[in-house]
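# Chains, contacts and geometry: an overview
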Amino acid sequence: MANKIKITLKRSVAHRIPAQRKVAKELGLGRVNSSVVKTDNAAIRGAVLKIAHLVDVEEVK
């Protein structure tokens, strides 16, 4: 079974560089405190790394 991670947007993407806004939107994060559950793979980890200062990540069982 694939591991899953829960990504929660903790800070607003307003007034951030466009690349960071695009990454948040592509992950499905629209508003502050919105969360998504994604499979834990290299592509998702790379996207999270680009906006690590805006999100909280936790492992889901």
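Each value, and the rule that gives it
Residues numbered from 1 in each chain as written. Predicted model: local features only at pLDDT ≥ 70, side-chain atom pairs only at ≥ 80, totals over all residues. Heavy atoms only, no water. UniProt positions renumbered as here; feature names shortened; annotations may be inferred. Buried < 20%, exposed > 50% of the residue type's maximum accessible area, 1.4 Å probe, protein only. Helix = DSSP H or I, 4+ residues; strand = E, 2+ residues; numbered from the N terminus. Arc of directions from axis to C-beta. Contact = heavy atoms within 4.5 Å. Axes fitted to C-alpha atoms, helices over the stretch in contact; angles between N-to-C directions. Parallel < 35°, antiparallel > 145°, perpendicular 65-115°, else oblique. Left-handed = near helix turned anticlockwise from the far one by under 90°. Nonpolar A, V, L, I, M, F, W, Y, C, P; charged D, E, K, R; others polar. Core = buried A, V, L, I, M, F, W, Y, C linked by side-chain atoms within 4.5 Å.

The chain carries the name Large ribosomal subunit protein uL30 in an unreviewed UniProt entry, which gives Bombilactobacillus bombi as its organism. Within the UniProt record for the chain, the comment given under Sequence similarities (unreviewed entry) is "Belongs to the universal ribosomal protein uL30 family."

### A short note on helix α1 (residues 18-27)
Count 3.6 residues to each turn of an α-helix, and residues three or four apart come out pointing the same way. Within α1, burial applies to Q20, V23, A24 and L27. Here the buried residues of α1 occupy an arc of 95° about the axis, which is enough to place them on one side. Exposed and facing more than 90 degrees away from the buried side of α1 are P18, K22, K25 and E26. Taken together, the buried residues of α1 touch β2 (35-39) and α2 (42-50). Phi turns positive, to about 95°, at G28, one or two residues after α1.

### Topic: unusual backbone geometry
Despite not being glycine, H15 shows a phi value in the positive range, around 65°. Mapped onto the fold, H15 is located in the loop between β1 (4-9) and α1.

### Here's the deal with the packing of α1 against α2
Contact geometry of α1 with α2 gives a least axis separation of 9 Å together with a crossing angle of 140°. Between α1 and α2, the angle is such that the two are oblique. The crossing of α1 and α2 is left-handed. Along the contact surface, α1 presents Q20, V23 and L27, while α2 presents I44, A47, V48 and K50. Residues of the contact of α1 with α2, tallied by class, amount to five nonpolar, one polar and one charged.

### Points about the nonpolar core
By size, the foremost hydrophobic cluster in this structure holds 15 residues, and its most contacted members are I7, L27, L29, I51 and V55. Of all elements in the fold, only β1, α1 and α2 reach the threshold of two or more residues within this core. If sequence neighbours within four positions are ignored, I7 has contacts with L29, S34, S35, V36, K38, I44, V48, V55 and D56.

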